[in-house]
Structure formats: structure tokens, C-alpha cells
Amino acid sequence: MTPIYLDNAATTQTDPEVVQAMLPYLGTHFGNPSSIHSYGRVTRTAIEQARKQIASFLGASPSEIFFTSGGTEANNMAIVRSIRDLKIKHAISSPIEHHAVSHTLEALRDEGEISLSWVNIDAAGTVDLKHLESLLQENPGSFVSLMHANNELGTMLPLRETAELVKKYQGVFHSDTVQTMGHFPINVQEIQVDFLNCAAHKFHGPKGIGFIYIRSGTGIHPFIYGGAQERNMRGGTENLPGIVGLAKALEIANSHLDEHSQYIRGLKNYMAEKLRTEISGVEFNGDISENSLYTVLNVSFPPSQAGEMLLFSLDIQGIAASGGSACSSGSDVGSHVLKAIGADASRSHVRFSFSKYTTPEEIDRTIEVLKGIFIADKSPMNA
Ligand SMILES: Cc1ncc(COP(=O)(O)O)c(C=O)c1O
């Protein structure tokens, strides 16, 4: 049984081309990029080339890109440093942000540094921009953190429109772009965003490396103090192979953006349609329209005994997916995202997420396995 990987929103398979690009920096080129001798100069050049390349994809200046350990660190840096250094007293976010955003904001609120407002969302997780405007009117100069695409639901934020709204009320705007970087074109000259982030492992790059984009003139201090690395903004010897791999992964992603997005959106639509026609009672959480994050399909299966063990049953059959329940009883803390959109706790919710490596045959086999699970289920709940 060949395993099927449908959990690409969690992480993706590293592209072999990325691995090849990294190998010399795990072997021959081992110099510390801060060293002034030739060993260091070679690796410093590789880092600065990667930074330049990444900046050009975003329409940014290389001086606005700072390497981090990934999306979480970049989110923490943007939030903590802006609130402290820009003396911001109020923040606005949504109840469906990744915990790297929501827990950071909640910690600052609990420590008495800010007051925090949650913007309303609808049942698909779409941010209510009218409510956002009223919160901004009441609290001009707020720090606003809203993710570009939700990692569980695939629902997206209109980035440019939101940025304009935040700027109309003198706010500072951060968007968690971990799920969209490498999947959508993003140009910071067209979007008035102050902070963006990236995690390479979401688009076939290595884990433990990412970056934060900080608009020049933002005026924040380092998040990690130490050496002079990253122009004094993030101490610590750089993750050299990671940085090289990140740039390579972004280069591959950007040069195939249209082709891969069309292919993957086709898989999402195909799976949604097949599920709808072949398993009765299937519904979808979040956005499945053409405006959604094409890598994510969140499926809500009807209540059944089989459904309670759904992820486990799929895993036994070699299919990797993920999900969370909408409940929060017992040891199961549930998904804060599903709870926030009011998902039915009696149903089973599974997130299938795709990549350029996913095939239609894998979708077909997954549907057959799901049919086997649901159609064989004769539980009273299913009657
Ligand atoms: C939307 C979002 N933000 C942030 C992160 C955190 O990224 P990392 O684990 O690379 O720090 C993730 C990863 O799952 C994510 O999906």
C-alpha cells in the first residue's frame, strides 16, 4: 500500500532540487557567514544572494527581509516588537488566527500591555471588514493582525483592501502569510502592509527557516538580542543551508505559480465534487470557491460512529490528513477555528490539503476508502 499524503498545510515534502541546492552548504561551504576570511565570504555571499532573490519576488528591498526560524518567530517578532516599540495600546485580530498570533496577542493582553478586540467573522471564516472599520474608528492607531489565508478553512482575506482600511485609521498592519507565500503572488509595493512572514516548509522548502518582511522605517528593535547578524535585528549564527533552501524553494514556487495553482485548484474542486456526489451528507467548512486557498479542503462528514475514528481509520489505510473536532470536552481541546465558526460538534471534520505532488489517483483512492468507511457504517447515529 503506497501511502497518500494529504496534509500539505501542515508541511510539504522537500523538493529534491531544494535538497540539492542545500547540500554544498551542509558540506563544503561550512564557514560562519560572520567570518571575514574566505570561508565566511562564500557563505555570506550565499545568504545575501538568497535575501536579494526573496526581496525581488516580493517587490521589497533586501534590507526589509530578515531570516527567522520560521512563521512562529516572525509572528512573535512583528507583534511583540511593534506593540512595545511603537507604544501601541490596542490590537485587533480575528478568532481564527494561528496560535502563533493569537497566543502572542493574548499574552500581551494578559500582561496588561494592550487591550484586544476580536473582529467578527462569518460562518466561512470571512472577516467582516465593516466591523473592522468600526473597531478602527473607535481605536485609531491600532495594531492589526489578520492572516492572509486560514490554514484550516482555506478562507482568504482581501489583503490590499484590508491594508488600505488599516492605514486609513493610522494602524500598523501585520498579516500572517505562512499559507500563501509561495502559493500566491504578493507584492509589497501594491499592498500597504507593514509585516509579512514566511515558513519555507509550506512550499517544499526545509523546516526551521523562514523570514519576516518589515517595511522600512517601521522602527522596531530586535526580537532576539545577540550578535550583529541580520543587521542587528536577529542575533545568532544564520541557518545557512536553510536560507539557501528557502530561496531555492521560493524560486521554484514562483516560477511555476500559475501552473501549480491551476493544477492544485483542479484537485480541490475534483475532490469536493466527488465527495458531494459519492458520500451523502458531506458538507464543507470554510471557502471552497475560486477565491479560496487552493491547497486546503475542509470536509464536514455527517455524524456517525465511523466518523469518530475517521483520522485514525484513514491513517490505518495509509492516508495522512488532519483535522480537529469542534468540541472541547475531556482531553480533546478541539479546534479553536472550527469552534469560532460554529461548526457542528456532532459531525467529523477533516482537513485534506494538497500539493504539486498530489495526484488525481490519490484523491480517487481516498474517496474509495472514505466510501468504505461511511457506507460500511451501520451505526444508529447513521440511521
Ligand atoms: C497560518 C500559519 N501561521 C504560522 C504557522 C507557524 O509556522 P512554523 O511552524 O513554521 O513556525 C503555521 C504553521 O502551521 C501556519 O499555518
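Check the entry above for the structure.
Anyway, here's the lowdown on the structure attached to this text.

Rules behind the numbers
- Counting restarts for each chain, with residues numbered from 1 along the sequence as it is written.
- For this predicted model, a pLDDT threshold of at least 70 governs which residues receive local features, and a threshold of 80 or more governs which side-chain atom pairs are given and counted, while totals over whole chains, interfaces and linings are taken from all residues.
- Calculation of side-chain values draws on the structure's entire complement of heavy atoms; hydrogens and water are dropped beforehand.
- Two strands make a pair as long as DSSP finds a minimum of two bridges between them.
- What counts as a helix is a DSSP run of H or I of at least four residues, what counts as a strand is a run of E of at least two, and both are numbered from the N terminus.
- Only C-alpha atoms enter the line fits that serve as axes; for helices the fit covers just the stretch in contact. Angles between N-to-C directions range over 0 to 180 degrees.
- Contacts are assigned to residue pairs that have any heavy atoms within 4.5 Å of one another.
- Each pair of aromatic rings taken from Phe, Tyr and Trp, with Trp reduced to its six-membered ring, is defined by centres within 6.5 Å and is described as stacked if the planes are under 30 degrees apart, edge-to-face if over 60, and tilted in the remaining cases.
- Only protein chains enter the area calculation, which uses a 1.4 Å probe; residues under 20% of their type maximum are buried, those over 50% are exposed, and those in between are partly exposed.

As for the sheet that holds strand β9 (residues 283-285)
Taken together, 3 strands build an open sheet; the order of strands is β9-β10-β12 and the sheet is antiparallel. If you trace the sheet from one side to the other, it starts and ends with β9 and β12 (348-353), each paired once. Averaged over all pairs of adjacent strands, the angle between strand axes in this sheet comes to 35 degrees, irrespective of strand direction. Packed on one face of the sheet, helix α8 (residues 257-278) meets β9, β10 (296-301) and β12 and runs near 10 degrees to β10.

Here we look at the packing of aromatic side chains
Inspection of the entire model under this criterion finds 3 aromatic pairs. The interplanar angle of 45 degrees and the centroid separation of 5.4 Å between the aromatic rings of Phe30 and Tyr39 together place this pair among those described as tilted. Note on Tyr39: relative accessible area 47%, which makes it partly exposed. Ring geometry for Phe301 and Phe374: centres 4.9 Å apart, planes at 15 degrees, overall stacked. Taken together, the positions of Phe301 in strand β10 and Phe374 in helix α12 (residues 360-376) put the pair 73 residues apart, joining distant regions of the chain. Judged on exposure class, the residue Phe301 and its partner Phe374 are both buried.

Some thoughts on the pairing of strand β2 (residues 65-68)
With burial as the criterion, each face of β2 is covered, one bearing Ile65 and Phe67 and the other bearing Phe66 and Thr68. Looking at chain direction, β2 and strand β8 (residues 210-214) are connected through 4 bridges and run antiparallel. Within β8, the residue paired with Phe67 across the bridge is Phe211.

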